[in-house]
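Reading the structure
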Amino acid sequence: MDVIADLGAGFAAILDPVLLLTLVAGVLVGSIVGVLPGIGPIGAIALLLPLSFALDPAAGLILIAGIYLGSQYGGSTSSILLGVPGEASSVVTTLDGYPMAKKGRAGAALAVAAIGSFVAGTIAVLLLMVVAEPLSDFAAQFASPEYLALAVFALLVLSRLAGGSFVTTFAAVGLGLMLATIGLDQSSGTVRFTLGSAELIQGVDVTAVAVGLFGIAEILLLAEGGTTAARMPKVPFRSLLPSGTDLRRATPAMFRGGLLGFVFGLIPGPSAVVSTYASYMLEKRISKHRDEFGSGAIEGVAGPEAANNGAAGGAMVPLLILGLPFNAATALLLAGFTIQGVIPGPLFMSSEPALFWTLIAGLYAANIALLVLNLPLVGLFTRLLHVPRDILLTLVVVVAIVGTYAARQELADVFWLLLMGVLGYVMVKLGISRVALMLAFVIGPLLETSLKQTIVLAHGDPFYLLTRPISATVVVLTALLLIVPMVVRRLAARRGRRSPLDLEVDAT
Amino acid sequence: MGESVEGPARVVGSSSATTDGATPTPAAAGTAGDWRPGPVASLLILLILLAVGGVYLVQALALPQWGENGPQAGFFPVLVASVFLLCLTIECGRFLVRLRRDARSGRIAAARPPFRWVVAGVLGAILAYVALVAVLGHILVVALITAALLVLLGRRPWWQIALAAVLISVSSDFLFTEVLGLRLPSGTFGIGFASWM
């Protein structure tokens, strides 16, 4: 009953006009940026993060959350209408969404995507409410060894699941950790790797890293691409109402996708992408209309879109309750939280209950806003795809530069923006994971502190982590998640079949 | 080097667009025909990263590693640098093996699209901001780089470029200074809302 009362208080707080306006602005801006191909949720959050600096913590967090959810949905609009996935987690939506649009059923596809996202968002918030308190109480027992095990778990499993070469992904992790050590070491007060520069004593700003790696790098790729806006089908408002048959078929897929996505969101790595594929495979396997998949099956849109949003909700659990981001988007959210002076983790719920439940209510309200606003405004969003490319890219570059400068009012940060932009561009060209670098950069300080403290506690025992039940469980889980996929793939290769764990996404 | 699951994507699937087939389906805009580094450029990048790692390791070793209270400031950086350099060395080795194998098999690399200098132009715009903003102020610098980017990225009449430059520079200054309450440089000429208001 306390949880319900707390959530009620959170909703009451959301009704404040400023917070409501901020929420709507975040959802709209996130959707707009998400619609634009190439930028994606991570780029959108990175570019828009500086806008939250001037707001108070509640408004800032709600803005960031609105941008996060809005940009997830925006990517599916371009997938359905153009057949061009806005980002990796919208690829699967293209498989059936675009054929539906070509058959004149774009409205139904968009509506089902929005409703599916809403259903999954609702499921995610309900599950978050259920697990928040018990998980917080459980996580309050965590000490340095547990955090060390979790941080290593996050980085190793991400390196495994990010795709591409494990060695190069792990090198990206190393590079991110190296970047995180620049500046003042909090525990000893030693200044490290500043090359005599006073500006670097504060370390490298997370905004510059995030905006450079994901914002500027994407701009460089878009500038290189030289694409032109494609012709899009018109979507009359009336067509946005799905038929009874559409809803009957799509609804179970939405629930399955939402649950599946939430569970995947709890695992480190590209959970949104993986969950969409898992949902698509599941729907195809159990559907009575299997032959329609690939040419306009409504379940092929409903399931993955719900999974995408469910994963976004699931990823909030480790972020809010453990203070650990398990993917790039939540790493950026953590950066946003830190800038607002909010430290998520086991004590977040008990020390800042009003803020915590306002955020949860904000997530749910953002889902409602997505459903209510995005469908009628789909015509406006699609017009954005006709904004001249040169104007769009120029605007984004200016916003990126100014936003990065505004974070700490240091020109050095803009220089780092440039460096990170070059690095991100090169990493994409070489197929090296930028997410691994970003995640390592964000959790680097936690990893270092936990490692040092664990070594002191261990008194020379190399198996110390295995003597504590929670850290031992995490170590075993890490080993399983690293070894099992390898074994499954080897067995599948011997039988001459494709492994069910292989994803047919070739993404850069 | 492999592909990773991030960012703009293209689907590799069957013509019936399922997830367990073979032929390509719609590609993300901008990925076809894009420049990719050749063997020399890739090796150079790896060597630069190795050099960065090497310098980092040398600096890390100069820091105290261990003390009475356990690990000190240099302990973690040495560990991280060692892992980084090890991974890069392995990747360099694999890369050279692949090159040698391709050379022996007589495999001729496909012609690569040339590097598009518009990329360097965008980076130059960011560098210009860093170099000039303290002197010229935000509005003037943004107007200049907006004009330069529009010339580089599109083909517009001069008056449209001038109009866009003025609008984007003034509105960005207004948005960040007056609406969001953040300070932006107004330069030696004092051109900016921070000076005017």
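Residues numbered from 1 in each chain as written. Chains lettered and ligands numbered in written order. Predicted model: local features only at pLDDT ≥ 70, side-chain atom pairs only at ≥ 80, totals over all residues. Heavy atoms only, no water.

**Considerations on the overall build of chain A**
Helices and strands together make up the secondary structure of chain A, namely 21 helices and 3 strands. Its C-alpha atoms give chain A principal-axis dimensions of about 65 × 50 × 50 Å. Across the 508 residues that make up chain A, the buried fraction comes to 64%. Just so you have it, chain A exposes about 17600 Å², and 68% of that area is on carbon and sulfur atoms. Distance between charge centres in chain A, computed from 28 positive and 29 negative side chains, equals 15 Å. (Helix = DSSP H or I, 4+ residues; strand = E, 2+ residues; numbered from the N terminus. Buried < 20%, exposed > 50% of the residue type's maximum accessible area, 1.4 Å probe, protein only. Areas by Shrake-Rupley, 256 points an atom, 1.4 Å probe, with all protein chains shown as cover. Lys, Arg positive; Asp, Glu negative; His and termini not counted. Charge placed at Lys NZ, Arg CZ, Asp CG, Glu CD.)

**A short note on the environment of Ile182 of chain A**
Residues and elements named next belong to chain A. As for its position among the elements, Ile182 is in the loop between helix H8 (166-180) and strand E1 (183-184). Along the chain, Ile182 and Gly203 lie 21 residues apart, while their C-alpha atoms are 5.2 Å from each other. Those residues in contact with Ile182 that sit more than four places away from it in its chain are Arg192, Phe193, Leu200, Gly203, Val204 and Trp416. (Contact = heavy atoms within 4.5 Å.)

**Some thoughts on the pattern of salt bridges**
It is possible for side chains bearing opposite charge to pair when their charged atoms get close. Residues and elements named next belong to chain A. Tallied over the entire structure, the rule returns 15 salt bridges over all chains. Among the salt bridges present, the one from Arg105 reaches Asp246, with a minimum N-O distance of 2.5 Å. Of this pair, Arg105 sits in the loop between helix H5 (91-102) and helix H6 (106-139) while Asp246 is found in helix H10 (residues 244-265), placing the two residues 141 residues apart along the sequence. What makes Arg105 partly exposed here is its relative accessible area of 29%. Among the salt bridges present, the one from Lys452 reaches Asp185, with a minimum N-O distance of 3.4 Å. Taken together, the residues Lys452 in helix H19 (residues 434-458) and Asp185 in the loop between E1 and strand E2 (191-192) connect sequence positions 267 residues apart. Summarising the burial analysis for this pair, Lys452 and Asp185 share the class buried. Beyond isolated ion pairs, a larger network of salt bridges with shared partners links Asp185, Arg192, Glu448 and Lys452. (Salt bridge = Lys/Arg side-chain N within 4 Å of Asp/Glu carboxyl O.)

**With respect to the side chain of Thr93 of chain A**
All names here are of chain A. Secondary-structure assignment places Thr93 in helix H5. Assessed through its relative accessible area of 0%, Thr93 is described here as buried. Engagement of the side chain of Thr93 in a polar contact is seen with the side chain of Glu305, the distance being 2.5 Å. The contacts of Thr93, once residues within four sequence positions are left out, are Ser76, Ser79, Ile80, Tyr98, Val301 and Glu305. (Polar contact = N/O pair within 3.5 Å; in protein donor to acceptor, adjacent residues only side chain to side chain.)

**Some words on the side chain of Ser31 of chain A**
All names here are of chain A. Structurally, Ser31 is set in helix H2 (residues 17-35). At 2.7 Å, the side chain of Ser31 and the backbone oxygen of Val27 are in polar contact. Those residues within four positions of Ser31 in sequence are excluded, and the remaining contacts are Gly70, Ser71, Gly74, Leu370, Asn374 and Phe381.

**Here's the deal with the packing of helix H3 (residues 118-136) of chain B against helix H4 (residues 138-153) of chain B**
Axes are the key here: two packed helices are described by the angle between their axes and the distance separating the axes. All names here are of chain B. Between H3 and H4, the shortest axis-to-axis distance is 8 Å and the interhelical angle comes to 165°. If you check the angle between H3 and H4, you find them roughly antiparallel. Classified by chirality, the crossing of H4 by H3 is right-handed. Counted together, Val118, Gly121, Val122, Ala125, Ala128, Tyr129, Leu132, Val133 and Leu136 of H3 and His138, Leu140, Val141, Val142, Leu144, Ile145, Leu149, Leu152 and Leu153 of H4 form the full contact between these two elements. Of the residues contributing to the contact of H3 with H4, the split by class is 16 nonpolar, 2 polar and no charged. (Axes fitted to C-alpha atoms, helices over the stretch in contact; angles between N-to-C directions. Parallel < 35°, antiparallel > 145°, perpendicular 65-115°, else oblique. Left-handed = near helix turned anticlockwise from the far one by under 90°. Nonpolar A, V, L, I, M, F, W, Y, C, P; charged D, E, K, R; others polar.)

**Section: the confidence of the model for chain B**
Any region with low pLDDT has predicted coordinates that should not be read closely. Residue and element names in this part refer to chain B. Summing up the model confidence of chain B, the mean pLDDT is 78 and the portion of residues at 70 or higher is 78%. This stretch, residues 1-32, has a pLDDT under 50; its non-local contacts, to residues over four places away or in other chains, come to 110 contacts. Reported confidence for the predicted complex is 0.81 by ipTM and 0.82 by pTM. (pLDDT = per-residue confidence, 0-100.)

**Regarding helix H2 (residues 75-105) of chain B**
Compared with the 45 Å implied by 1.5 Å per residue over 31 residues, the 45 Å span of H2 of chain B between its first and last C-alpha is a close match. Looking at the buried residues of H2 of chain B, the elements they touch are H8, E2 and H19 of chain A together with helix H1 (39-61) of chain B. (Expected span 1.5 Å × (residues − 1).)

**A short note on the packing of aromatic side chains**
Residues and elements named next belong to chain A. Scanning all chains against the criterion turns up 11 aromatic pairs over all chains. Judged by centre distance (5.5 Å) and plane angle (80°), the rings of Phe138 and Phe142 are edge-to-face. Here the aromatic residues Phe11, Phe118 and Tyr364 are joined through ring pairs into a cluster of three or more. (Phe/Tyr/Trp six-rings, centres within 6.5 Å; stacked < 30°, edge-to-face > 60°.)

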